[in-house]
Amino acid sequence: VQLQASGGGLVQAGGSLRLSCAASGRIFSNYFMAWFRQAPGKEREFVSAIRWGARAPYYTDSVKGRFTIYRDNAKNMVYLQMDSLKPEDTAVYFCAASSRGILATLTSTRTYDYWGQGTLVTVSS
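Procedures and definitions
- Residues numbered from 1 in each chain as written.
- Predicted model: local features only at pLDDT ≥ 70, side-chain atom pairs only at ≥ 80, totals over all residues.
- Heavy atoms only, no water.
- Helix = DSSP H or I, 4+ residues; strand = E, 2+ residues; numbered from the N terminus.
- Polar contact = N/O pair within 3.5 Å; in protein donor to acceptor, adjacent residues only side chain to side chain.
- Contact = heavy atoms within 4.5 Å.
- Pairing = 2+ DSSP bridges.
- Axes fitted to C-alpha atoms, helices over the stretch in contact; angles between N-to-C directions.

Quick look at the side chain of S98
Considering the arrangement of structural elements, one finds S98 in strand β9 (residues 91–98). Here R100 takes part through its backbone nitrogen, which lies 3.2 Å from a polar atom of the side chain of S98. Here S98 is in contact with N30, Y31, F32, T111, Y112 and D113, once residues within four sequence places are set aside.

Given below as structure tokens:
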């Protein structure tokens, strides 16, 4: 599986961006597709995830109500709609895929087998 993230950019606080992750290769219904982010000087952290074959999304608390993850299986795409952006959302955002499909370790980077390159999101105050 190969992943290609895009859609980052510079936006003012309160604005919106949509990140896209194009996936190539075979993705099974139990796979988790996720977004992580890494701010300068900080560890990579979980943002959101969705199972390829299900609808239930998962979010870290800091983005609940502002970010929406969704997928288009026909196009092999995963999206992260980010609204009401805050300066603290500034980071490099990565898409990732996990073949393990283990909910208990959903937020751990070690769960994920495949990573795309990052896309930079900068939110100005």
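A closer look at the sheet that holds strand β3 (residues 17–24)
Within the open sheet, the four strands sit side by side as β1-β3-β8-β7. Their pairing is antiparallel. One side of each edge strand has no neighbouring strand; the edge strands of this open sheet are β1 (2–6) and β7 (67–72). In this sheet, neighbouring strand axes are inclined to one another by 15° on average, regardless of whether the strands run parallel or antiparallel. Relative to β3, β1 runs antiparallel, the two sharing five bridges. Each bridged residue has a counterpart across the sheet, and for L3 the counterpart in β3 is A23.

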